[in-house]
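Tertiary structure, described
The residues making up each chain are set out below.
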Amino acid sequence: MCPLDYKYVAFPMNASNLHWVLGILTHASDLLVEHNPNGAIRTSLLILNSIHGYNPPDLGVRYLDFICLLSFKKPMHCGALSKVKLFKPEGELNAGESLSEFWLSSKVAQARDNLRALVDRAGIVRAASHTFHSG
């Protein structure tokens, strides 16, 4: 199995030097011919970056190269990577709010808790699936 065999794939990636960002692919399996013979690509890539306004110019290209590596050389649809929708949301600061205040606010804490719960549930489902398939 390769990571693109799944519907959702979350992975960290080095944006530049020591700064890391989180990438979340939705409908990742749409990129592979074996899972999606029709070829309709619904794949989206959400890039979560903790530094407001920091956007290396080649980050989107680097992520697409990384997605190719995640395919483990399984056949992808021709031109599939060009159809991946890229989303790079920027957090918006309130007037007078510092970046550290923004990241410590309750709305960000809630988003982190929701993401942590989603990752935990995905781990439980994956473990249960592995146990079921292992006998």
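A brief look at the structure comes next. From a predicted model like this one, the values you see are computed outputs, not experimental measurements.

**Observations regarding the nonpolar core**
Soluble globular proteins tend to pack their nonpolar side chains together in the buried interior. In terms of nonpolar packing, the biggest core is built from 21 residues, with Leu4, Phe11, Leu25, Leu31, Leu45, Tyr63 and Ile67 touching the most fellow members. Where this core is concerned, the elements lending two or more residues are β1 (8-16), β2 (19-26), β3 (44-48) and α1 (59-70). The residues touching Leu25, leaving out its near neighbours within four places in the chain, are Leu4, Lys7, Tyr8, Val9, Phe11, Thr43, Ser44, Leu45, Ile67 and Leu70.

**Section: the sheet that holds strand β4 (residues 85-87)**
Pairing is mixed across the open sheet formed by 4 strands, whose spatial order is β1-β2-β3-β4. One side of each edge strand has no neighbouring strand; the edge strands of this open sheet are β1 and β4. Direction aside, neighbouring strands of the sheet carry axes that sit 25° apart on average. Two strands pair when backbone bridges link them, and β2 and β3 are joined in this way by 5 bridges, in the antiparallel orientation. By the bridge assignment for β3, Leu25 is matched with Leu45. Sitting on the sheet, α1 is in contact with β1, β2, β3 and β4, with an inclination near 135° to β1.

Calculation notes
Residues numbered from 1 in each chain as written. Predicted model: local features only at pLDDT ≥ 70, side-chain atom pairs only at ≥ 80, totals over all residues. Heavy atoms only, no water. Core = buried A, V, L, I, M, F, W, Y, C linked by side-chain atoms within 4.5 Å. Buried < 20%, exposed > 50% of the residue type's maximum accessible area, 1.4 Å probe, protein only. Helix = DSSP H or I, 4+ residues; strand = E, 2+ residues; numbered from the N terminus. Contact = heavy atoms within 4.5 Å. Pairing = 2+ DSSP bridges. Axes fitted to C-alpha atoms, helices over the stretch in contact; angles between N-to-C directions.

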